[in-house]
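Coordinate inspection notes
Residue-level listing of the chains:
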Number of protein chains: 2
Amino acid sequence: MADFTEKLHAGMRTKYPLRRRLLARKTRFQSMQVVDTVRFGRMLVLDDIVETTEADEFVYHEMMTHVPMYTHPNPKRVLIIGGGDGGVLREVLRHPVERAVMVEIDGAVVDAAKKYLRKICGRAFKDPRAELVIGDGAAYVRDTADSFDVVIVDSTDPLGPSMPLFGKEFYRNAARIMGRQGLLVRQTGSAFMQGPELAAAVKHARQVFDCVEVFLSAVPTYVGGHFTHPLMGMTDFTKRITAAAVRRSFERRPLKTRYYNPEVHAAAFALPEYIGALCGGPRRRTK
Amino acid sequence: MADFTEKLHAGMRTKYPLRRRLLARKTRFQSMQVVDTVRFGRMLVLDDIVETTEADEFVYHEMMTHVPMYTHPNPKRVLIIGGGDGGVLREVLRHPVERAVMVEIDGAVVDAAKKYLRKICGRAFKDPRAELVIGDGAAYVRDTADSFDVVIVDSTDPLGPSMPLFGKEFYRNAARIMGRQGLLVRQTGSAFMQGPELAAAVKHARQVFDCVEVFLSAVPTYVGGHFTHPLMGMTDFTKRITAAAVRRSFERRPLKTRYYNPEVHAAAFALPEYIGALCGGPRRRTK
C-alpha cells in the first residue's frame, strides 16, 4: 500500500505508511483525504496537511478546549470556528454548556467526519446543545447578534479558506461578540518551524486584545517540536492560569482526560526562551 | 542530492533533504554519518538515528544539562556518559564546575564532532576542566573511586552499544559514586512512540533511587511529541524543582540560554495524563 507524505515543512517531510485510503476528493474549498495509517489509525488530511489522527487527536482537542474552558470562570456559550472533524465539539460538550455553535465552512469535512471519523466526533453532532452552521466563520462573527464566553478557532493554517480568520478585522469582530471575561483560542503551528507566523499572529492579536498569552502542546503528528496556541481576552486572565487557580476551577467540574490536567494547563504557559522571544518576550503584554 | 530518512519509528518516517553528505563510515561500534541538511544544518546520525543537529541541539543539550545543574545546590564534579558530540560538555562547562569527566565509548564520534560539528562542541574538548575518557561508561561507573555531583547519561537509545547503560546494575553503580545530593539524568525517548521503554526505565530507576521524576522537552528532530528525561536522586529533590526554588538557584549563577529558563525547568515536570500513567502515576514515588 502507498504512503502519505506530508510536505507542510520544507526540509522535514513525514511519511506515514498506510493500510488503505478511505476517501480522496476535492471539495468546494480544498482537497480532502481520509487515510488509514499503520501507526496513527485514521487520519484526516486537508490540502495535503495532517489535520488530525485517531491516535493523537486527544492532545490537540483537549488542550484547545479545556485550557479556555477552565480558564473561564463559567463558560456557557461556546463558538467553534472550523473544527469540522468534531473533536473540539466533542470535548466542549463534556462541559456543562448551554449552547455550542460550530461554524464550519466546508460541509464536506463534517460529512467525512460523520462517516469515517466516528472515533473523533463521537455523537457530538447529535447533541441537542450543538448547533452546526455550514458557512464562513469570519462572516458569522461579523454578523451575529449572539455573544459567547469562549471562541475556539480550530482552523487550518493561514493558507486557502482560513485566510480571513487571521486578520485584525476578524479579531475585532470576535472581541465584539465575546463577553467581558470572554476568551478566544487558536492554533499558530510549530514554534520552531513556523516562527514568523506565530510572531505575526501574536502581534496582531495584541493590537485588539488586552491579554494574549501563548501556551504549548506537543502533538506527535504536528511535527516540529512545540505546537503553539495563543489565548486572548479583553481582561487580564493571568491570575486564572496559575496552577492553584486552575485546580480550583477543575475541581468544580472535573473531567477524565488523557493529556490535560490542571498542572499541565498552568505549565503549558511557560515558554522556552526562543518561543518567548517570538512572542515579544515572556508574559509581556503590549497596549 | 539524496535525502536522509530516519526509520526509528515504524509508522512515522522523517525525511530530511540534504545539501551534502560529509561523512559516512562504520566505526568499531556503529555506523556513523554527518550530513548537511537543508533545514537543520549539520546532523549527526548513528545507526541511522538522528542524534543531534546544529539547528535544534540547544533544546536537548540545555535541558539535559541545566535541569540537573540548577536542581543540584552546588554541582562541582560532573560525569557525562556518552555525549560524543560535545554538546552536553559545552553546556556543563558554562557552569562553575571544577571537573567534567566525559566517558564516550566511541572515539570516532568525538573525532567527527571535532572535525565537523564545531558549532556543537565549540571549544569544550580543549577546556582544562574537561577530561575525556574513551571507554565503556558502564565499566567506568563500576570501577571509579571518584565521586560526582551530577551524572548525565547522554547515550543513544537502548540498542547496540548503549545496552549496558540501561540495567539495574548500572544504576546501582552510578548511585554509589554520586554524593548524597547527587543527581543522574538520562533520556528515554518519545513518550508517545516509545512508551514501554519509558515505563521500563522509570521502573528500573525506582528500584535503585529514592526519587525519580520525569521531565519533558520538545525537540523538533526527535519526532513523536514530548521527549522524556528521568531525573534520579537518592534524596527527595522535589522541593528543589519548584519554580521559586529553581529561580533562586538560577539567579545565583545565571546563564544566557535559548530554551531553558527557571519557569520552563519547573513546568517540564508537569506530565500529561498519558505520560504520568506510563511513569506509574504523576509524581508518585515507590520504595
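Calculation notes
- Per chain, residue numbering runs from 1 following the sequence as it is written.
- Each chain takes a letter, starting from A, and each ligand takes a number, starting from 1, following the order in which they are written.
- The predicted nature of this model means local features are confined to residues of pLDDT at least 70 and side-chain atom pairs, given and counted, to a pLDDT of 80 or more, with totals for whole chains, interfaces and linings taken over all residues.
- Helix numbering and strand numbering both begin at the N terminus, where a helix is a DSSP run of H or I of at least 4 residues and a strand a DSSP run of E of at least 2.
- For a compact globule the rule gives 2.2 Å times the number of residues to the power 0.38, and the radius of gyration it is set against comes from C-alpha atoms.
- In this scheme every C-beta is placed from the backbone, and a residue whose C-beta has 20 or more other C-beta atoms within 10 Å is buried, one with 12 or fewer is exposed, and one in between is partly exposed.
- Whether two residues are in contact depends on their C-beta atoms, placed from the backbone: they are in contact if these lie within 7 Å.
- At least two DSSP bridges between two strands are needed for those strands to be called paired.
- Domain extents, as shown, originate in an automatic or database domain assignment.
- All axes are obtained by fitting lines to C-alpha atoms, using only the stretch in contact for helices, and the reported angles, taken between N-to-C directions, cover 0 to 180 degrees.
- For this overlay, a least-squares fit was computed on C-alpha atoms, restricted to residues scoring pLDDT of at least 70 in both copies.
- One nonpolar core equals one set of buried Ala, Val, Leu, Ile, Met, Phe, Trp, Tyr and Cys residues connected by C-beta atoms within 7 Å.

Some points on the overall build of chain A
Across its full length, chain A holds 10 helices and 12 strands. The C-alpha atoms of chain A give a radius of gyration of 18 Å, which matches the 19 Å a tight globule of 287 residues would have. Its C-alpha atoms give chain A principal-axis dimensions of roughly 50 × 45 × 35 Å. Buried positions account for 53% of the 287 residues belonging to chain A. Within chain A, contacts between residues separated by at least 24 positions form 67% of all contacts whose residues are at least 6 apart in sequence.

Here's the deal with the interface of chain A and chain B
Contacts between the two partners involve 33 residues from chain A, matched on the other side by 33 residues from chain B. If you list the elements that add at least two residues to the side of chain A that touches chain B, you get strand 2 (12–26), helix 9 (262–267) and helix 10 (273–278) of chain A. For strand 2 of chain A and strand 2 (residues 12–26) of chain B, the ladder comprises 3 bridges, and the chain directions are antiparallel. Within strand 2 of chain B, the residue paired with R13 of chain A across the bridge is K15 of chain B.

Describing the domain arrangement of chain A
Residue and element names in this part refer to chain A. When the domains of chain A are assigned, the result is domain 1 (3–53) and domain 2 (57–278). For domain 1 versus domain 2, the separation of C-alpha centres amounts to 23 Å. Counting from both sides, the interface comprises 21 residues of domain 1 and, opposite them, 20 residues of domain 2. Of all the elements in the fold, those that place two or more residues in the side of domain 1 that touches domain 2 are strand 2, strand 3 (31–37), strand 4 (41–46) and strand 5 (49–53).

Some thoughts on the sheet that holds strand 11 (residues 211–217) of chain B
Residue and element names in this part refer to chain B. An order of 8-7-6-9-10-12-11 is seen for the 7 strands of this open sheet, with the pairing classed as mixed. Single-partner strands in this sheet number two, and they are strand 8 (130–134) and strand 11. Going from strand to strand, the sheet's axes swing by 15 degrees on average, the running direction of each strand aside. Of the strand pairs in this sheet, strand 10 (residues 178–186) and strand 12 (residues 227–233) are connected by 3 bridges, and their pairing is antiparallel. Across the sheet, V185 pairs through a bridge with L231, a residue of strand 12. Set on the sheet, helix 1 (residues 57–71) makes contact with strand 9 (148–154), strand 10, strand 11 and strand 12; between it and strand 9 the angle comes to about 160 degrees.

A short note on the relation of the copies chain A and chain B
Both copies of the chain are related by one operation, a rotation about an axis with a shift along it. With an RMSD of 0.0 Å, the fit of chain A onto chain B corresponds to turning through 180 degrees and sliding 0.0 Å along the axis. Taken together, the rotation and translation describe the operation of a two-fold axis. The overlap is high: 100% of the interface residues of chain A also sit at the interface in chain B, so the same surface is used on both sides.

Considering the nonpolar core
I80 of chain A together with I80 and V151 of chain B are the most contacted members of the largest nonpolar core, which totals 182 residues. Apart from residues no more than four positions distant in its own chain, I80 of chain A is found in contact with V88, L89, V92, A100, M102, I152 and D154 of chain A.

Focus: the environment of I134 of chain A
Residues and elements named next belong to chain A. Topologically, I134 is positioned in strand 8 (residues 130–134). The exposure class assigned to I134 is partly exposed, which follows from the 15 C-beta atoms found within 10 Å. A C-alpha to C-alpha distance of 12 Å links I134 and I80, two positions 54 residues apart in sequence. If sequence neighbours within four positions are ignored, I134 has contacts with E104 and G107.

Describing the environment of H265 of chain A
All names here are of chain A. Counting through the fold element by element, H265 comes out in helix 9. Taking the C-alpha atoms as reference points, H265 and H66, separated by 199 residues in sequence, lie 8.3 Å from one another. Setting aside residues no more than four positions away along its own chain, H265 makes contact with V67, Y70, I241, V246 and Y260.

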